[in-house]
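# Geometric and topological summary
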Amino acid sequence: MTERAETAAVRRPPGRPRSERSHQAIVVATLELLAEEGFQQLTMEQVARRAGVGKATIYRRWPAKADLVKDAIRYFSAELPVPDTGSLAGDWAVLSEAVIAVARNRNAALLMPRLLSEVAQDPEMHAVFSAWLVEPRREVLRTVLRRAMERGELRDDADPELLIDMLVGPIIYRFIITGGDMDAAAEYGPRVLGAVQTAFRPPPPGR
């Protein structure tokens, strides 16, 4: 190795390449600002300041705000596990922990409630929101609920879509009315599940 190459190697910072670090910093900044300001108020200038990069760095990769937000939402939509603990309560606990972990790791717990208030007016963003955040989570819950029906924990004629709404809706509402208290929403989850299980308990044999 030449003296120049050795010097460059010493000066090169450890860890991920700068471009990758910049990319992640931009995406994380976008998620944080989406949660704080919403899509309509978000600007590329804000993202550049928060991420510590120049606007040109952002525009080279994302020519428009919508493109950046789409990529940020995809980054946020980490794949959730499809638990199979043998009970609905156990599966629900695993899913709840996974959702909370993703929200904490992405620093974007308020992202979904904020986007919910905006995407109804923007068909393109609604499609992205549904495809990357809503539908994957609903599909995991459908699988969990179908298994619960097969085990006899829930009535086999229950509507999975209704069950999902009944399980998730109250928790999102609790999260909003407590001012974004994630712990309060998480603690509410088992109570919601218990109410749904009681309401959709299978009838006794022979009836």
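See the structure above.
Note that the structure is predicted; figures quoted are calculated from it, not measured.

## With respect to helix 9 (residues 160–177)
- The first and last C-alpha atoms of helix 9 sit 26 Å apart over 18 residues, in line with the 26 Å expected at 1.5 Å per residue.
- Restricting attention to buried positions, one finds in helix 9 the residues Leu-163, Ile-164, Leu-167, Ile-171 and Phe-175.
- Where helix 9 begins, the side chain of Asp-159 points an oxygen toward the backbone nitrogen of Glu-161, at a separation of 3.0 Å.
- Among the residues trailing helix 9, Gly-179 stands out with phi positive, at a value near 75 degrees.

## Details of a nonpolar patch on the surface
- On the surface, Leu-116, Ile-172, Tyr-173, Ile-176 and Ile-177 cluster together to form a nonpolar patch covering roughly 470 Å² of accessible area.
- By residue number, the principal contributor to the nonpolar patch is helix 9, which donates four residues.
- Examined against the element boundaries, Ile-176 turns out to sit in helix 9.
- Judged by relative accessible area, Ile-176 falls into the partly exposed class, the value being 47%.

Reading the values: rules and limits
- Residues numbered from 1 in each chain as written.
- Predicted model: local features only at pLDDT ≥ 70, side-chain atom pairs only at ≥ 80, totals over all residues.
- Heavy atoms only, no water.
- Helix = DSSP H or I, 4+ residues; strand = E, 2+ residues; numbered from the N terminus.
- Expected span 1.5 Å × (residues − 1).
- Buried < 20%, exposed > 50% of the residue type's maximum accessible area, 1.4 Å probe, protein only.
- Polar contact = N/O pair within 3.5 Å; in protein donor to acceptor, adjacent residues only side chain to side chain.
- Patch = residues over 30% accessible without salt bridge, like charges linked within 9 Å, V, L, I, M, F, W, Y side chains within 5 Å.
- Areas by Shrake-Rupley, 256 points an atom, 1.4 Å probe, with all protein chains shown as cover.
- Salt bridge = Lys/Arg side-chain N within 4 Å of Asp/Glu carboxyl O.

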